[in-house]
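Survey of secondary and tertiary structure
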Amino acid sequence: MSDPLLKVENLTKHYRLGMGYLSKSSPVVRAVEQVSFSVGAGETLCIVGESGCGKSTIARLLMRIVEPTSGRVTIDGTDITDLTANALRAWRRRMQMVFQDPYSSLNPRLTAGDIIVEPVENFSRLKRPQRQALAAELLQKVGMSPDMMRRLPSELSGGQRQRLGIARALALQPSLIIADEAVSALDVSVRAQILNLLVDLQQQMGIAYVFISHDLSVVEHIADRVAVMYLGRIVELAPCEALFAKPSHPYTEALIAAAPVPDPTRARLEPPVEGEVPSPINPPSGCAFHPRCPLAIERCRVSAPALVPIADGHVVACHVRAPASNLAVLQPSAESQPSLTPAA
Ligand code: SF4
């Protein structure tokens, strides 16, 4: 199997809080803890979880909008976590981001055409006819008329603004787009159009997506694989079909059970889990899900479960559903780590 396009290894982000930023005694927010995954070319990995689980922090870490506390992010074999600002700028061509709120992510004083060509002009000066041709081509690619080139963001609808944000992301022909809740601010019908557009663009251009969402209906529509996060950690990662057909982690089951069921013939799983997500400043001991977990046993309170493979490409962190003894059965060496790389 060829190397993945994106490889994330043990990515961790801790923030120190309050006045004593430099003080070792000030509280630490453990936003992302030892997260590892990979994404192949042209693949869509969705990251799901409740608000505050760390999924948006991962988007910012991948783009190096914030710096990791530890861990590595490798794109096409190059570790971008150590690159200087200049070297990183060149690599940013390969990765672009689409944001949740298209309006606040677009410069309100620039026309749609200028917004689209702006990223390209950071790398090379374009003559006016080239600018117009590029803007027209990208507007058409995202299903908008080139006539809209002279409009300001305030003169566009929410769906058109998100299409414009996608056109801007495409301008540098990236291999990877990180979409952070990219459709959650849109009406249901517009949301479906934008999702279909992203799928079409992926098929035409071979782009990979890291798609961050709290909405399981969106995830089921677009994902090849799904990583479920709870309190900064991945607790289950699996091919999309396998995850929805047979979720294994109690938290994944609860998320799926809590999601609206559009098909009345499809049975709900178990009652949704109760209680709030604990604070990442003072996470519970052992498995962080234990205060809410209906299956918790004594071991869950004292020891954090490792991600263990339970099927091809399917890993779970749970003492009950995926006991560590599975490692010995499924892997040649009990010491080796479960593979988080997509199955060939
Ligand atoms: Fe629940 Fe224990 Fe599994 Fe955590 S390790 S999900 S507390 S059963």
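**Quick look at the overall build of the protein chain**
- Counting secondary structure elements, the protein chain contains 11 helices and 12 strands.
- Counting across all 344 residues of the protein chain, residues that qualify as buried make up 50%.
- Partitioning the contacts of the protein chain with sequence separation of at least 6, the portion at a separation of at least 24 is 62%.
- In the form shown here, the protein chain has an accessible surface area of approximately 16,700 Å², with 51% of it arising from carbon and sulfur atoms.

**Overview of the environment of Ala-242**
- Here Ala-242 shows up in helix H8 (residues 240–245).
- C-alpha separation for the pair Ala-242 and Val-226, spaced 16 residues apart in sequence, amounts to 9.5 Å.
- In contact with Ala-242, not counting residues within four places along its chain, are Pro-247 and His-314.

**Notes on the pairing of strand S2 (residues 28–39)**
- The element S2 is extensively covered by neighbouring structure, given that 10 of its 12 residues are classed as buried.
- Direction of pairing for strand S1 (residues 6–16) relative to S2: antiparallel, over a ladder of eight bridges. Looking at S2, one finds that Arg-16 is bridged to Val-28.

**Some thoughts on the site of the ligand**
- The ligand sits among 13 residues. The nearest are Cys-287, Cys-293, Cys-300, Cys-318 and His-319.
- Partitioned by chemical class, the residues of the shell around the ligand number 10 nonpolar, three polar and no charged.

**Observations concerning the packing of aromatic side chains**
- Scanning all chains against the criterion turns up three aromatic pairs.
- On the numbers, 5.3 Å between centres and 65° between planes, the contact of Tyr-251 with Phe-289 is edge-to-face. Highlighted residues: Tyr-251 in helix H9 (residues 250–258) and Phe-289 in the loop between H9 and helix H10 (298–302), separated in sequence by 38 residues.
- The exposure class of Tyr-251 is buried, given its relative accessible area of 1%.
- Phe-289 sits in the buried class, given a relative accessible area of 2%.
- Here a set of aromatic residues connected by ring pairs shows up, and it is made of Tyr-230, Tyr-251 and Phe-289.

**Describing unusual backbone geometry**
- For Gln-34, which is not a glycine, the phi torsion comes out positive at approximately 55°.
- Inspection of the secondary structure assignment puts Gln-34 in strand S2.
- Its identity as a non-glycine residue notwithstanding, Leu-231 has a phi of 50°, on the positive side.
- Among the structural elements, Leu-231 can be located in the loop between strand S9 (225–230) and strand S10 (233–239).

**Considerations on the side chain of Arg-161**
- By the element assignment, Arg-161 lies in helix H5 (residues 158–170).
- Overall, Arg-161 belongs to the buried group, its relative accessible area being 17%.
- Apart from residues lying up to four places away in sequence, Arg-161 is in contact with Pro-102, Tyr-103, Leu-106, Pro-153, Ser-154 and Leu-156.

**Points about the sheet that holds strand S5 (residues 78–79)**
- Here we have four strands laid out as an open sheet, ordered S2-S1-S4-S5, and antiparallel in their pairing. Single-partner strands in this sheet number two, and they are S2 and S5.
- Here five bridges tie S1 to strand S4 (residues 70–75), and the two strands are oriented antiparallel to one another. Its bridge partner being in S4, Val-8 is matched across the sheet by Val-73.
- In the packing of helix H1 (residues 55–62) onto the sheet, contacts are made with S1, S2 and S4, and the angle to S2 comes to roughly 65°.

**Points about the environment of Arg-233**
- For Arg-233, the location among the structural elements is in strand S10.
- C-alpha separation for the pair Arg-233 and Gly-54, spaced 179 residues apart in sequence, amounts to 7.9 Å.
- Apart from the residues lying within four places of it in its own chain, the contact partners of Arg-233 are Glu-33, Gln-34, Val-35 and Val-228.

**Considering the nonpolar core**
- By size, the foremost hydrophobic cluster in this structure holds 64 residues, and its most contacted members are Leu-164, Ile-166, Leu-170, Phe-211, Val-226, Val-228 and Phe-244.
- Apart from residues no more than four positions distant in its own chain, Ile-166 is found in contact with Val-98, Val-142, Ile-194, Leu-197, Leu-198 and Leu-201.
- Core analysis: the next-biggest nonpolar cluster, separate from the first, contains 38 residues, Leu-5, Leu-6, Cys-53 and Met-97 among them.

**Here's the deal with the environment of Ile-177**
- Tracing the backbone shows Ile-177 in strand S7 (residues 176–180).
- Using a relative accessible area of 1% as the deciding quantity, one classes Ile-177 as buried.
- In this structure, Ile-177 is in contact with Gln-96, Val-98, Ala-169, Leu-170, Ile-207, Ala-208, Tyr-209 and Val-210, ignoring residues within four places of it in sequence.

**Description of H5**
- In a regular helix each residue adds 1.5 Å, so 13 residues correspond to 18 Å; H5 covers 19 Å between its end C-alpha atoms and thus fits that length.
- Of all 13 residues in H5, 11 are buried; the element is thus mostly enclosed.
- Contact partners of the buried residues in H5: strand S6 (95–98), helix H3 (112–121), helix H4 (128–141), S7 and helix H6 (188–205).

Analysis parameters
Residues numbered from 1 in each chain as written. Predicted model: local features only at pLDDT ≥ 70, side-chain atom pairs only at ≥ 80, totals over all residues. Heavy atoms only, no water. Helix = DSSP H or I, 4+ residues; strand = E, 2+ residues; numbered from the N terminus. Buried < 20%, exposed > 50% of the residue type's maximum accessible area, 1.4 Å probe, protein only. Contact = heavy atoms within 4.5 Å. Areas by Shrake-Rupley, 256 points an atom, 1.4 Å probe, with all protein chains shown as cover. Pairing = 2+ DSSP bridges. Near = heavy atom within 4 Å. Nonpolar A, V, L, I, M, F, W, Y, C, P; charged D, E, K, R; others polar. Phe/Tyr/Trp six-rings, centres within 6.5 Å; stacked < 30°, edge-to-face > 60°. Axes fitted to C-alpha atoms, helices over the stretch in contact; angles between N-to-C directions. Core = buried A, V, L, I, M, F, W, Y, C linked by side-chain atoms within 4.5 Å. Expected span 1.5 Å × (residues − 1).

Spatial relationships are all this shows, so hold off on functional conclusions.
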